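Residue strings, one per chain:
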Amino acid sequence: MTVFVWRFKVFQTVIRSYSSTHNINLKVRFMEKPTAYFRLPDGCETFQVSFLYKNETLNIERECNFNRKLSEKIGDFLNRVKVNINKLKSSKRKKKQKGQTGLEVDSCESSAGLLQDGFLIDHETICKDAIFFNKAPETLILNINDVEYSVSINSPWVNELSLPSSMLAGFVIYPSKFKVLFTEQKDCSFTWLRKKSKHAPRSEETGWERVGDGFIYSSKNEDIGYYLKLICEPSNNNLKGPEASTVSTDPVEAGPGLCPFESRHPFTSTRLSGNEFRVITYNILSDIYTETAEALSHLFHYCPRYALKMDYRKQLLIKEILGYNADLIFLQEVDEFFFNRDLKYVLGPAGYEGCFALKGSTVKEGVACFYSNDRFKLLHSESIILGEVIQNNHCLNEIWEVISKKEALKLRVIDRHTTLQILTLESLDKSDELLVVANTHLYFHPDADHVRLIQAGISIKYITDYIDKLKKETRRNVSLIFCGDFNSVPECGIYKLMTTGLVPDDYIDWKSNKEEAVEGLSLNQPWRMASACGTPQYTNFIQAFSGCLDYIFYQTDRLAVTQVVPFPTEEELRQHTALPSVVFPSDHIASIADLRWTS
């Protein structure tokens with residue numbers, strides 16, 4: 001027999017438990033004509049079957065779902081169907097008969113059969129490569145208690161659909177979870193509805209007002225107090241699957257009022273073109289660092305807990321980032337889940353492609369770069385772990401020879417999971433121009449100026465070697481931009497290295513930790529670089545520290561700055577003590593600059 005997935009009793013129990021735990025309400029609306037949906041995802045050893053079972057006598061209307069092994073025979077699968085239908089009927093009969101007499105009920109045993117061209121199939125074994133899933137679906141019928149179900153094989157299907165727990169008026173709302181089979185987000189249609197009720201109207205089908213279409217809904221003040229419902233109809237070319245819907249667990253709430261980043265948006269209200277492009281670098285504060293006991297009790301104790309939760313902060317982050325209309329977006333402290341389930345969801349339809357690099361295999365956050373796909377074409381991307389590449393790359397031999405002389409220093413450098421992300425982009429406006437963009441988030445520790453300077457040295461030497469090879473291969477113009485959270489104030493060696501090209505071996509940063517003091521190492525780099533936003537007073541502002549840590553370093557003999565978007569005032573930063581707050585989604589401030597090619 002073929003592989004079907006019909007999750008019934010077990011599936012219903014799992015879904016109910018999962019829904020109550022994760023605030024998910026997923027309801028699939030089946031077609032008017034009875035249809036049994038058979039699904040075999042690639043690489044699975046099980047198949048899935050779903051259909052809507054109705055019994056008017058017993059007043060049953062239940063979605064039945066099975067998950068069965070491919071090695072199972074069709075006859076065994078059909079017996080499982082009958083057993084579960086009988087259990088469902090028996091449970092309903094007991095409820096109907098309790099305390100009542102003379103009640104006519106359906107006491108017949110259930111029947112189930114699978115037919116092809118009118119002939120019963122019950123002996124075949126379901127397998128990946130043949131039998132059921134290679135049959136023409138129009139020749140198959142699933143018969144349950146003399147009700148014929150058309151068979152649909154691998155139709156578009158919604159596996160997960162849910163709305164976020166926090167929804168603010170004036171911000172974009174989109175599914176917090178969305179997973180489909182045999183289709184893609186762009187091929188599905190979405191309908192948004194709203195309804196006002198004192199209780200979450202999960203079971204009420206009437207009274208819903210249609211308010212929007214599309215994967216993303218821009219909420220309004222008029223939505224405050226309303227629950228939202230999202231309906232998704234999955235499709236793939238001309239093949240449509242059953243609708244799925246979900247209802248929010250809470251109503252739309254009032255937003256926090258005017259956020260300071262909205263005062264920056266007028267400077268970026270239009271997209272750039274031609275020789276100019278806009279760049280952002282922004283440490284968005286990973287969720288894994290806001291949920292720790294230290295963050296809640298000490299580091300960010302001044303921020304309301306609801307405003308630290310990602311479901312709240314991401315609404316501000318998305319609105320802020322979209323409002324800058326950037327061509328290149330460099331982000332640090334990006335949760336892997338947030339990249340895949342939020343940033344790609346929202347920035348993709350807005351015309352961006354993204355690349356993500358984890359901080360090694362043990363940390364679930366990293367750095368991300370998004371580029372406008374109507375301004376740039378990606379030619380190559382790669383990422384390296386600085387503590388790994390230092391040990392085996394010839395262009396870094398000079399640094400490795402020095403640090404490997406001290407065991408404590410060597411171990412501290414190679415144990416770090418700091419990542420460097422590099423992309424080669426081709427300008428679609430200037431076909432002769434290649435842009436190498438790099439993104440990093442250097443190690444933080446109060447006694448680690450020397451480690452960060454080593455990491456910066458590793459990065460710029462690796463980038464230099466990378467560009468030298470690129471120029472030889474392409475013989476084209478290449479410009480460099482190096483962005484990130486360098487965890488280093490302008491007075492330290494990193495800024496000196498990037499802007500003057502040299503840090504001598506007696507620089508004070510080398511002695512930031514006496515036991516690991518670096519001796520006999522000077523760093524240099526060949527690029528004419530400057531900080532596009534200069535050295536603003538603050539790019540990081542928490543109660544325990546404030547200063548300039550984030551930079552957009554650019555090549556001054558190839559590029560020029562045409563605009564720096566003003567930073568928030570200190571009064572705005574202190575309005576709620578420090579960052580993050582109800583109006584600032586991160587402890588860092590986005591740095592934004594417009595650049596143009598000078599040749």
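Just so it is clear, the structure is predicted and the values come from calculations on it, not from any experiment.

S.K.: Looking at this structure, how should I read the overall build of the protein chain?
M.R.: The helix and strand inventory of the protein chain stands at 13 helices and 34 strands. The buried share of the protein chain, taken over its 599 residues, is 56%. Considering only contacts within the protein chain whose residues lie at least 6 apart along the sequence, 73% involve residues at least 24 apart. When the accessible surface of the protein chain is summed, it comes to about 26200 Å², and 47% of that surface belongs to carbon and sulfur atoms.

S.K.: I keep staring at the environment of proline 260 and nothing clicks. Help me out?
M.R.: Among the structural elements, proline 260 can be located in the loop between strand S18 (243-247) and strand S19 (276-283). Sequence-wise, proline 260 and glutamate 320 are 60 residues apart; in three dimensions their C-alpha atoms are separated by 9.6 Å. Leave out the neighbours within four places in its chain, and proline 260 touches Glu572, Val583 and Phe584.

S.K.: It is not clear to me how the sheet that holds strand S23 (residues 376-385) should be interpreted in this structure. Could you clarify?
M.R.: Two strands in a sheet stick together by hydrogen bonds in their backbones, pointing the same way (parallel) or opposite ways (antiparallel). With respect to topology, six strands assemble into an open sheet ordered S23-S24-S25-S26-S32-S29, the strand pairing being mixed. Only two strands of the sheet have a single partner each, and these edge strands are S23 and strand S29 (529-531). Geometrically, the sheet is characterised by an average inter-axis angle of 20° between neighbouring strands, direction not taken into account. As paired elements, S29 and strand S32 (residues 550-555) share three bridges and run antiparallel to each other. Across the sheet, residue serine 531 finds its bridge partner in S32, namely phenylalanine 553. Most of the contacts of helix H11 (residues 449-474) go to strand S26 (residues 477-485), to which it runs at about 155°, and overall it touches S23, strand S24 (419-427), strand S25 (433-441) and S26. Helix-sheet contacts for helix H12 (residues 493-500) involve S26, S29 and S32, and the interaxial angle to S29 is about 130°.

S.K.: Help me out: how do you make sense of the side chain of aspartate 550 in this one?
M.R.: Its location among the elements puts aspartate 550 in strand S32. Buried and unpaired, aspartate 550 has no salt bridge, with arginine 264 as the nearest side chain of opposite charge at 10 Å. Polar contacts involving the side chain of aspartate 550 include one to the side chain of threonine 539, which spans 2.6 Å. Looking at aspartate 550, its side chain comes within polar contact range of the side chain of histidine 588, at 2.9 Å. Here aspartate 550 is in contact with Asn283, Gln332, Gly484, Asp485, Thr539, His588 and Ser591, once residues within four sequence places are set aside.

S.K.: How do you make sense of the nonpolar core when you look at a structure like this?
M.R.: The tendency in soluble globular proteins is for nonpolar side chains to be buried side by side. Of all hydrophobic cores here, the largest spans 67 residues; its most connected members are Phe178, Ile329, Leu331, Leu343 and Phe370. Those residues in contact with isoleucine 329 that lie beyond four places of it in its chain are Ile280, Ile321, Leu347, Tyr352, Ala368, Cys369 and Phe370. By size, the runner-up hydrophobic cluster in this structure holds 46 residues, among which are Ile454, Ala456, Tyr466 and Val518.

S.K.: Which parts of the structure should I look at to understand the packing of helix H6 (residues 310-323) against helix H7 (residues 336-347)?
M.R.: When two helices pack together, their arrangement is given by the angle between the helix axes and the distance between those axes. In contact at an axis separation of 11 Å, H6 and H7 are set at 35° when each is read in the N-to-C sense. Pair H6 / H7 crosses with right-handed handedness. Contacts between H6 and H7 involve Met310, Lys314, Leu317, Ile318, Ile321 and Leu322 on the former and, on the latter, Phe338, Asp342, Leu343, Val346 and Leu347. Counted by class, the contact of H6 with H7 contains nine nonpolar, no polar and two charged residues.

S.K.: What is the right way to look at the pairing of strand S8 (residues 147-153) in this model?
M.R.: The side chains of a regular strand alternate, first on one face of the sheet and then on the other. Note: strand S2 (residues 35-39) against S8, four bridges, orientation parallel. Residue pairing for S8: alanine 36 is matched across the bridge by valine 151. Counted along the chain from strand S7 (residues 140-144) to the antiparallel partner S8, the turn is two residues long, and its residue asparagine 145 has a positive phi close to 50°.

S.K.: Sorry, what's going on with the state of the cysteines here?
M.R.: As used here, a disulfide is simply a covalent bond connecting the sulfur atoms of two cysteines. Following the criterion strictly, the structure yields zero disulfides and no others. Not engaged in a disulfide, the cysteine cysteine 232 finds its nearest cysteine sulfur in cysteine 188; these two sulfurs lie 4.3 Å apart.

S.K.: What is the right way to look at unusual backbone geometry in this model?
M.R.: Excluding glycine, residues mostly have negative phi values, and the peptide bonds linking residues are mostly trans. Following leucine 579, the chain continues into proline 580 via a peptide bond in cis, with omega recorded as -5°. Summarising the element assignment, proline 580 is placed in the loop between helix H13 (570-573) and strand S34 (591-597). Its identity is not glycine, yet asparagine 237 carries a phi of approximately 60°, on the positive side. Here asparagine 237 shows up in the loop between strand S16 (235-236) and strand S17 (239-240). Taking the relative accessible area as the measure of exposure, asparagine 237 reaches 73% and is therefore exposed.

S.K.: Please clarify how the pattern of salt bridges should be interpreted in this entry.
M.R.: Pairing is possible between side chains of opposite charge, provided their charged atoms come close. Overall, the coordinates contain 25 salt bridges when judged by the stated rule. A salt bridge links glutamate 519 to lysine 406; its shortest N-O distance comes to 4.0 Å. In this pair, glutamate 519 sits in the loop between strand S27 (502-503) and strand S28 (523-524) while lysine 406 sits in the loop between helix H9 (397-403) and helix H10 (407-414), placing the two residues 113 residues apart along the sequence. For lysine 406, a relative accessible area of 24% translates into the label partly exposed.

S.K.: Is there a simple way to think about the pairing of strand S20 (residues 328-335) in this case?
M.R.: The buried fraction of S20 amounts to eight of the eight residues, a majority that puts the element mostly inside the structure. Of the pairings in the sheet, the one linking S19 to S20 comprises five bridges and is parallel in character. Each bridged residue has a counterpart across the sheet, and for isoleucine 280 the counterpart in S20 is isoleucine 329. Both S20 and strand S22 (residues 365-372) contribute to a ladder of six bridges, which runs antiparallel. Note that in S22 the partner of isoleucine 329 across the bridge is phenylalanine 370.

S.K.: Please clarify how the packing of aromatic side chains should be interpreted in this entry.
M.R.: Aromatic ring pairs are described here by two measures, namely the spacing of the ring centres and the angle between the planes. Summed over all chains, the structure comprises 21 aromatic pairs. Judged by centre distance (5.5 Å) and plane angle (65°), the rings of phenylalanine 178 and phenylalanine 190 are edge-to-face. Of this pair, phenylalanine 178 sits in strand S11 (residues 177-181) while phenylalanine 190 is found in strand S12 (residues 189-196), placing the two residues 12 residues apart along the sequence. The pair formed by phenylalanine 178 and phenylalanine 190 is uniform in burial state, with each residue classed as buried. Three or more aromatic residues joined by ring pairs form one cluster here, namely Phe482, Phe486, Tyr495, Tyr551 and Phe553. Its guanidinium or amino end placed over the ring of tyrosine 226, arginine 194 lies 4.3 Å from that ring's centre, counting from NZ or CZ. For the cation-ring pair, lysine 319 lies above phenylalanine 171, with the distance from its terminal atom to the ring centre recorded as 4.5 Å.

S.K.: Just checking my understanding: could you explain the confidence of the model for the protein chain for this structure?
M.R.: As a note on interpretation, predicted positions should not be read in detail where pLDDT is low. Within the protein chain, residue pLDDT values average 90, and 89% of them lie at 70 or more. Throughout residues 1-24 the model reports pLDDT below 50, and contacts reaching past four residues in sequence, or to other chains, amount to 93 contacts.

S.K.: Is there a simple way to think about the sheet that holds S19 in this case?
M.R.: The mixed open sheet is built from six strands, whose spatial order is S21-S22-S20-S19-S34-S33. What marks the edges here is a single partner per strand, and that holds for strand S21 (352-358) and strand S33 (559-564). Recorded for the sheet is a direction-independent mean angle of 25° between the axes of neighbouring strands. Both S33 and S34 contribute to a ladder of five bridges, which runs antiparallel. Across the sheet, residue valine 561 finds its bridge partner in S34, namely leucine 595. Against the sheet, H6 touches S19 and S20, its axis set at about 160° to S19. Docked against the sheet, H7 engages S20, S21 and S22, running at close to 145° with respect to S20.

Here is what the cut-offs are and how they apply
- Per chain, residues are indexed from 1 in the order of the written sequence.
- Owing to the predicted nature of the model, reporting of local features is limited to residues with pLDDT of at least 70; listing and counting of side-chain atom pairs is limited to 80 or more, with chain, interface and lining totals taken over all residues.
- The basis for the side-chain values is all heavy atoms of the structure; hydrogens and waters are excluded.
- Helix and strand labels come from DSSP, where a helix needs a run of H or I of at least four residues and a strand needs a run of E of at least two; each type is numbered from the N terminus.
- Burial classes: relative accessible area under 20% of the type maximum marks a residue as buried, over 50% as exposed, and values in between as partly exposed (1.4 Å probe, protein chains only).
- Throughout, a residue-residue contact means that at least one pair of heavy atoms, one from each residue, lies within 4.5 Å.
- Only the protein chains shown count as covering a residue, and every accessible area follows the Shrake-Rupley method with a 1.4 Å probe.
- Two strands qualify as a pair provided that DSSP identifies no fewer than 2 bridges between them.
- Think of each axis as a best-fit line through the C-alpha atoms, taken over the contacting stretch in the case of a helix, with angles from 0 to 180 degrees between the N-to-C directions.
- Only four residue types enter the charge count, namely Lys and Arg as positive and Asp and Glu as negative; His and the chain termini do not.
- When a carboxyl oxygen of Asp or Glu is within 4 Å of a side-chain nitrogen of Lys or Arg, the pair counts as a salt bridge.
- Here a polar contact is taken to be a pair of N or O atoms separated by no more than 3.5 Å, where protein atoms must pair a possible hydrogen donor with a possible acceptor and residues adjacent in sequence count only if both atoms sit in side chains.
- Think of a nonpolar core as a cluster: buried Ala, Val, Leu, Ile, Met, Phe, Trp, Tyr and Cys residues, connected wherever their side-chain atoms sit within 4.5 Å.
- Handedness of each helix crossing follows the sense of rotation of the near helix against the far helix: counterclockwise by less than a right angle gives left-handed, clockwise gives right-handed.
- Note that Gly is not counted as nonpolar here; it falls among the polar residues with everything else outside the nonpolar set of Ala, Val, Leu, Ile, Met, Phe, Trp, Tyr, Cys and Pro and the charged set of Asp, Glu, Lys and Arg.
- When the sulfur atoms of two cysteines come within 2.5 Å, that pair is taken as a disulfide.
- Aromatic pairing here means that ring centres of Phe, Tyr or Trp (its six-membered ring) are within 6.5 Å. Orientation follows from the plane angle: under 30 degrees is stacked, over 60 is edge-to-face, and everything else is tilted.
- Any Lys NZ or Arg CZ found within 6 Å of a ring centre and within 35 degrees of that ring's normal is scored as a charge over the ring.
- pLDDT expresses, on a scale from 0 to 100, how confident the predictor is about each individual residue.

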